[in-house]
Amino acid sequence: MDAALVAIWVLRLLFLAMLYAFLYFVVRALVRDLRSAAREPTVELGRLVVVACPSGEPPPGSTFALDAITSLGRDVNNSIVLEDEFVSANHAALTYRGRAWYVEDLGSTNGTFVNGGQVDGLSPIAFGDEIQIGQIRLRLERARP
Amino acid sequence: MSSVARAPAGIRLDGRPDRLRIRPRFRGRELGLLVVDALALYIGAISLGATERFRDALANGSNGPINLASPAEPGLLLTYIAALFAVHAVFVLAGRRTDQLLLPAVGLLGGIGLLLMIRLPQSLAGNLGGLAQTQLVWLLIGLGIVTILGVAVRNDVWLRRYKYTWAAVGVGLLLLTFVFGNDVNGARLTLSLGPVSGQPSELLKVILVIFLAGYLSENRPLLVDESTRIGPIRLPPLPYLAPMVAMWAIALGIVIVQRDLGAALLFFAVFLLLLYVSTARVSFVVLGLAAFVVGAVVLYFLFGHVRTRVDVWLDPFADPAGTGYQIVQALHAFARGGLIGTGLGAGLPTVAGRPPIPALHTDFPFAALGEELGLVGILAILGLYLVLVQRGLRIASAAQDEFRAILAAGLSLVIGVQAFIIAGGNLKLIPLTGITLPFISYGGSSLLANSVIVGLLIALSERAREPLPPPRRPGRLRRLLDRGAA
């Protein structure tokens, strides 16, 4: 009977050890995942994805990484240059202020629209919202970690 | 404007890959962890079988050799392990780049639950030939749901667009339970439709998270805005506080009408957490906690069942044979377990064929595991829940937009908060409430709702917009068919 008792005791401990072995492997995978995520520098605060662009430049599906202040317009000095005859030279600006993104119309001729509604001055904007500038539609998305 | 829009190769104008090409993708991490799962569960079953046979031999006074190497109920356990590997195989064939840690972690929790059900007296519950068999059937259906959601859900528009419809469905379910629910142990939780009966509050928690994710992601900029001031407290515009008040009222209603303290606590805690996750405002949490305290005090003085729960929590030994019975037995179980436990199958001597704690298989599995696996074992189980929450929050931080981020965070926090509420209740850390320990407790509604959560999390974890696979020569089968046709 003593040998059986020892065997049962060993089995008990082995089961607990297996639970911890599983946790060890999972945690190792978690740490590796977090390390690899931390290695990639994420300076961008968000990104703009081109949804539709009649002129084909920039092509739909392409993305722009955003800084805290990004200006959009036809003028070559803008951070993002949009070639479209309905876009003003200095059309709009996207700014990141502490917690949220804001879009501002810089007095453009044809206006700036968020989800179909025209922007009047400074207006908050969320990830997933669609901005229309001229005939170009852009979507704000979170930066990839 | 005559120029035709050019799109990068493989991307259609709406940004989606032009062809859905399914190619198997090796999931090494998941496979390795599932092998560890299978080994752990098999050793657990051997340990359980040996202990049971030894106990029987001791009771019969026989001195013959005992078979120590064969597991208890090998059929049930092997079916479950095979099902886990089948889910893995389907995920590999589907070829999505989804999370590889969720399935093994959930699989181990479900397997531990199955071992516990095998070990308990089979007559406790279940109408499919005993406790363990019924639990296995629910586990298999749950794994089926995880597979279907994890493979098929690629688009979240149906969740996002119809958030008010979802909310209406949820409130409808709640009202149906209020009116037509059956009273079990003084709580009105179960809804029966012909032969099918279930607990709608389990499904409701998923619906609640979907609605909150839709509402908060849409109105976040407005909630962050501070236009109302009451003294030193700055609040968002008052109309946007309405859902917060409604949430509080629903939680109170659940307590008063349904007498379901656990679900109310779970809903309110998840609501406050999501509010904090989406706005990063501590003031909301403080306000919500203040409302919670006010509501709790009022309920304590108005309703007997709330008062009983709190009094039992404060001093279970005041009436150890009556209202405090469950808690006292659970505390003794933890004490018997000690550091490494009595071993699977060696705890909880049954009294007249039933374990000493009523509702052990639904409300007190944590106490049973605490006795048989000890502090070391339940710490490992709590660690598994932490892994689930960490994965959910990681999926949230990598999500493409706010709806997906809040949804992933909310779904994983539901599991974490629920595990905390029931484990804390078993340990007399907080008042005991009758909710289930996710993936371990016996019960169909709970397993199915939690499977929906895991399936959605796996679907949400896909790292989208992956580089398209390089063009490939037609497969051998294709070439053979072409040759045959020629």
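Being a predicted model, the structure only gives us computed values, none of them experimental.

Some details on the side chain of Q135 of chain B
Residue and element names in this part refer to chain B.
Turning to step 1, where the next piece is worked out: Its location among the elements puts Q135 in helix α4 (residues 131–152).
Turning to step 2, where the next piece is worked out: We classify Q135 as buried; its relative accessible area is 0%.
Turning to step 3, where the next piece is worked out: Beyond its immediate chain neighbours, meaning those up to four positions away, Q135 contacts L114, M117, I440, S441, Y442, G443 and L447.

A few points about the pairing of strand β5 (residues 92–97) of chain A
All names here are of chain A.
Turning to step 1, where the next piece is worked out: As defined by bridge partners, strand β3 (residues 69–73) adjoins β5 across 4 bridges and the pair is classed as antiparallel. Bridging across to β5, S71 finds its partner in A93.
Turning to step 2, where the next piece is worked out: Pairing analysis gives 6 bridges linking β5 to strand β6 (residues 100–105), with the strands arranged antiparallel. Each residue of the ladder has a partner; that of A92, found in β6, is D105.
Turning to step 3, where the next piece is worked out: Counting the residues in the hairpin turn of β5 and β6 gives 2 residues, including G98, whose phi is positive at 70°.

Overview of the sheet that holds strand β2 (residues 63–66) of chain A
Residues and elements named next belong to chain A.
Turning to step 1, where the next piece is worked out: The 6 strands lie next to each other as β2-β1-β11-β10-β7-β8, forming an open sheet whose pairing is antiparallel. Of all the strands in the sheet, the pair left with one neighbour each is β2 and β8 (117–118).
Turning to step 2, where the next piece is worked out: Across 4 bridges, strand β10 (residues 130–133) lies against strand β11 (residues 136–141) in antiparallel orientation. Of the residues in β11, the one forming a bridge with I133 is I136.

With respect to the packing of aromatic side chains
By convention here, two paired aromatic rings are described through the distance between centres and the angle between planes.
Turning to step 1, where the next piece is worked out: Under the counting rule described, the total for this entry stands at 9 aromatic pairs over all chains.
Turning to step 2, where the next piece is worked out: Members of the aromatic cluster, each reached through a chain of ring pairs, are Y164, F211 and Y215 of chain B.
Turning to step 3, where the next piece is worked out: Across the ring face of Y102 of chain A, the terminal group of R97 of chain A is positioned such that the distance to the ring centre comes to 5.7 Å.

Some details on the interface of chain A and chain B
Turning to step 1, where the next piece is worked out: On the side of chain B, 63 residues touch chain A, which itself brings 48 residues to the contact.
Turning to step 2, where the next piece is worked out: Across the chain A/chain B interface, buried area totals approximately 4,800 Å², and carbon plus sulfur atoms make up 69% of it.
Turning to step 3, where the next piece is worked out: Here chain A and chain B share 2 salt bridges between them.
Turning to step 4, where the next piece is worked out: Note that D33 of chain A and R391 of chain B form a salt bridge whose closest N and O atoms lie 3.2 Å from each other.
Turning to step 5, where the next piece is worked out: Our count for the contact surface shared by chain A and chain B stands at 7 residue pairs in polar contact (both at pLDDT 80 or more).
Turning to step 6, where the next piece is worked out: The element that contributes the greatest number of residues to the side of chain A that touches chain B is helix α1 (residues 2–39) of chain A, accounting for 25 residues.
Turning to step 7, where the next piece is worked out: Broken down by class, the residue content of the side of chain A that touches chain B amounts to 34 nonpolar, 4 polar and 10 charged.

Some thoughts on the environment of L360 of chain B
Residue and element names in this part refer to chain B.
Turning to step 1, where the next piece is worked out: By the element assignment, L360 lies in the loop between α12 (325–337) and α13 (365–397).
Turning to step 2, where the next piece is worked out: Owing to a relative accessible area of 1%, L360 belongs among the buried residues under this scheme.
Turning to step 3, where the next piece is worked out: A C-alpha to C-alpha distance of 9.2 Å links L360 and L124, two positions 236 residues apart in sequence.

Comments concerning the sheet that holds strand β9 (residues 122–125) of chain A
All names here are of chain A.
Turning to step 1, where the next piece is worked out: If you trace the 5 strands from one edge of the open sheet to the other, you get β4-β3-β5-β6-β9, paired in mixed fashion. Looking at strand neighbours, the two that pair on one side only are β4 (80–81) and β9, the edges of this open sheet.
Turning to step 2, where the next piece is worked out: Bridging between β3 and β4 involves 2 bridges; their strand directions are parallel. Bridging from a neighbouring strand, G73 pairs with V81 of β4.

Topic: the confidence of the model for chain A
Turning to step 1, where the next piece is worked out: Residues at a pLDDT of 70 or more form 94% of chain A, whose mean pLDDT is 86.
Turning to step 2, where the next piece is worked out: Per-residue pLDDT, averaged within each element of chain A, yields its smallest value for β2 of chain A (85) and its largest for strand β7 (residues 112–114) of chain A (91).

Thresholds, definitions, all that
Within every chain, residues take consecutive numbers counted from 1 along the sequence as written. Starting at A for chains and at 1 for ligands, labels are handed out in the order in which the entities are written. Predicted model: local features are reported for residues with pLDDT of at least 70 only, side-chain atom pairs are reported and counted for 80 or more only, and whole-chain, interface and lining totals are derived from all residues. Side-chain numbers come from the whole structure's heavy atoms, not from hydrogens or water. A helix here means a DSSP run of H or I that spans at least four residues, while a strand means a run of E at least two residues long, and both kinds are numbered starting from the N terminus. Type-normalised accessible area, obtained with a 1.4 Å probe on protein chains alone, sets the label of each residue: buried when under 20%, exposed when over 50%, and partly exposed for intermediate values. Here, two residues are considered to be in contact whenever any of their heavy atoms come within 4.5 Å of each other. Strands are labelled as partners when DSSP assigns at least two bridges between them. Here a Phe, Tyr or Trp ring, Trp counted by its six-membered ring, pairs with any other such ring whose centre lies within 6.5 Å, and the pair is stacked when the planes are under 30 degrees apart, edge-to-face when over 60, and tilted otherwise. As a reminder, the over-ring test applies to NZ of lysine and CZ of arginine, requiring each to be within 6 Å of the ring centre and within 35 degrees of the ring normal. A quick way to say it: buried area is the sum, across both parts, of accessible area lost when two parts are put together, with a 1.4 Å probe. A pairing counts as a salt bridge when a side-chain nitrogen of Lys or Arg comes within 4 Å of a carboxyl oxygen of Asp or Glu. Within 3.5 Å is the distance limit for a polar contact, defined as a pair of N or O atoms, with the added protein rule that one can donate a hydrogen and the other accept it, and that residues adjacent in sequence qualify only through two side-chain atoms. Three residue categories are used. Nonpolar comprises Ala, Val, Leu, Ile, Met, Phe, Trp, Tyr, Cys and Pro, charged comprises Asp, Glu, Lys and Arg, and polar comprises the others, including Gly. Confidence per residue, as judged by the predictor, is encoded in pLDDT with a range of 0 to 100.

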